[in-house]
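Chain residues, written in single-letter form:
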Amino acid sequence: MIKFIFILISIFTVGFFIVKDTWMVTLQGFGYELKASVLILIVGAFLLFYLIHLLKKPFGWWGRCQNWFAKRKQDQKEAFLLLALKTVLDKNSESVKQLLKQKNKFFDRKSDENYILEALFNPTPHTFEQLIHRENTELAGIKGLLDYAQEDGNWTEAGRLLQKAAEKYEKEPWVWDSLWTVQILQNDWYEALNTLERLKAQGQVDKAEYAKRKSLLLLKLGRVAEAYKLNPDNQAIILAYARSEPQKADKLIRHLWSKEPCMDAFNIYWQTIATEKPSKQTKAIDKLVRENPKHRLSLWVLIETAIKQESWGPAKGYLSDYLAMYPLTTQIAHLMAEVERQGWHHLEEAQKWELKALEAPSEKGWICSSCGHRTDTWEIVCPACNAFGEVIGK
Ligand SMILES: [Zn+2]
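Conventions and cut-offs
Residues numbered from 1 in each chain as written. Predicted model: local features only at pLDDT ≥ 70, side-chain atom pairs only at ≥ 80, totals over all residues. pLDDT = per-residue confidence, 0-100. Helix = DSSP H or I, 4+ residues; strand = E, 2+ residues; numbered from the N terminus. Pairing = 2+ DSSP bridges. Expected span 1.5 Å × (residues − 1). Buried ≥ 20, exposed ≤ 12 C-beta atoms within 10 Å, placed from the backbone. Contact = placed C-beta atoms within 7 Å. Axes fitted to C-alpha atoms, helices over the stretch in contact; angles between N-to-C directions. Parallel < 35°, antiparallel > 145°, perpendicular 65-115°, else oblique. Left-handed = near helix turned anticlockwise from the far one by under 90°. Nonpolar A, V, L, I, M, F, W, Y, C, P; charged D, E, K, R; others polar.

Would you explain the confidence of the model for the protein chain in this entry?
It should be kept in mind that the predicted coordinates are not to be read in detail where pLDDT is low. Scored by pLDDT, the protein chain has a mean of 88; 90% of the residues are at 70 or more. No element of the protein chain has a lower mean pLDDT than strand β1 (residues 24-29), which averages 65, and none a higher one than helix α12 (residues 224-230), which averages 97.

Sorry, what's going on with the sheet that holds strand β5 (residues 391-393) here?
Strands pair in a sheet through their backbones, by hydrogen bonds, and they do so in one of two ways: parallel or antiparallel. An order of β4-β3-β5 is seen for the three strands of this open sheet, with the pairing classed as antiparallel. Each of the sheet's edge strands pairs with one partner strand only, and the pair in question is β4 (374-375) and β5. Looking at chain direction, strand β3 (residues 366-368) and β5 are connected through three bridges and run antiparallel. Bridging across to β5, Trp366 finds its partner in Gly393.

Help me understand helix α11 (residues 207-220), please; the structure alone is not making it clear to me.
Since there are 3.6 residues in each turn of an α-helix, residues three or four apart along the chain are aligned in direction. For α11, which comprises 14 residues, the first-to-last C-alpha distance of 20 Å matches the rise-based estimate of 20 Å (1.5 Å per residue) to within 8%. Every buried residue belonging to α11 is among Arg213, Lys214, Ser215, Leu216, Leu217, Leu218 and Leu219, and all of these are buried. Considering only its buried residues, α11 is in contact with α10 (189-201), α12 and α13 (235-244).

Any chance you could explain the packing of helix α17 (residues 296-308) against helix α18 (residues 312-325) here in plain terms?
Each pair of packed helices can be described by the angle between their axes along with the distance between the axes. At a minimum axis separation of 8 Å, α17 and α18 run at an interaxial angle of 155 degrees. Judged on the interaxial angle alone, α18 and α17 are roughly antiparallel. Of the two possible hands of crossing, α17 and α18 adopt the one that is left-handed. Contacts from Leu299, Leu302, Ile303, Ala306 and Ile307 of α17 reach α18 at Pro314, Ala315, Tyr318, Leu319, Asp321 and Tyr322. Of the residues belonging to the contact of α17 with α18, the class tally is ten nonpolar, no polar and one charged.

What am I meant to see in the packing of helix α16 (residues 278-290) against α17 here?
Taken N-terminus to C-terminus, the directions of α16 and α17 make an angle of 170 degrees; their axes are 10 Å apart at the nearest point. Classified by the angle between their axes, α16 and α17 sit roughly antiparallel to one another. For the pair α16 and α17, the contacting residues are Gln281, Ile285, Leu288 and Val289 in the first and Ser298, Val301, Leu302 and Thr305 in the second. Residues that form the contact of α16 with α17 fall into these classes: five nonpolar, three polar and no charged.

What is the right way to look at unusual backbone geometry in this model?
Look at Asn187: it is not a glycine, yet its phi comes out positive at around 60 degrees. Note on placement: Asn187 falls in the loop between α9 (173-185) and α10. By the C-beta count within 10 Å, which is 12 here, Asn187 ends up exposed.

See below:
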């Protein structure tokens, strides 16, 4: 459009200039005189305007020049970034030092890129702290500092950083996941419950995982009945529920025994029959063992019951059966010593078994299914690998 107007005005001007010279004006100044057509002056002004217009636009020869320079600079920046990444991956500290010096040629000292490169080349709490104070790099800064806090086991600081991230970047999935982990490690059960709801709302935990986590948190908060209602098949929950409801304990423990027997379960079961006559006890124990007759602990239950009832003959028989199938442990050696001493007054034999008890491996009742770490009591979080809800009674 602009071009069209220019062409039109130019044609008219030239025409008038040729046909008449009544449109001439005289310009005076600096001792010179210049005669010119008014229209030529107008066209001149327009031409000047057009030239400025051309220079501003990124096309035409000047625009191309500008583009070329910009692209060259961009290429240089990209080449530098590529080199930077490669150097960091190579862990070549000498080259890193050199690049740190060069980066100011390509990036403004106050630019996001500069601070990111600082953190990349020289990852320290300080350089990540710098990232935190900038809008575009805040999250990267939080992530970096979070790594340091977790490495140091500083869960308070990790929790603080994650709360900050959760407020501003609530759509980032890793924030809630990490917050959950930190809260669990800090024994923040109430807060963890809230975080769990978030994880569920964002679809990060499925129904089964949600029920498992929530029920174990409720257990930790002492809300045993609620926990049981939500997750009636969990071993730790059944044990706690059986303790809190002695009338239901025998049924609960038998159900547990069919799935995942453990020594704690037997102890609770025994409480329900401890004051009964031996014949009734034997009947109840038989009922329990029938739930899972091939299980190692069913044999152990028979040993323990025989010893409690001072039936030394069967006790020794069961112990021999046990040792024929399973390796000796401190606990079994102690039982053997007890039977020899109390049942048969074989003090020398008993002493031999006590010595063996010292050398045999001790069998702790709880094992983490993730890493195999053994503990004496149930733990919601494995002390060795921090796995949640993986410690199972054996
Ligand atoms: Zn573990």
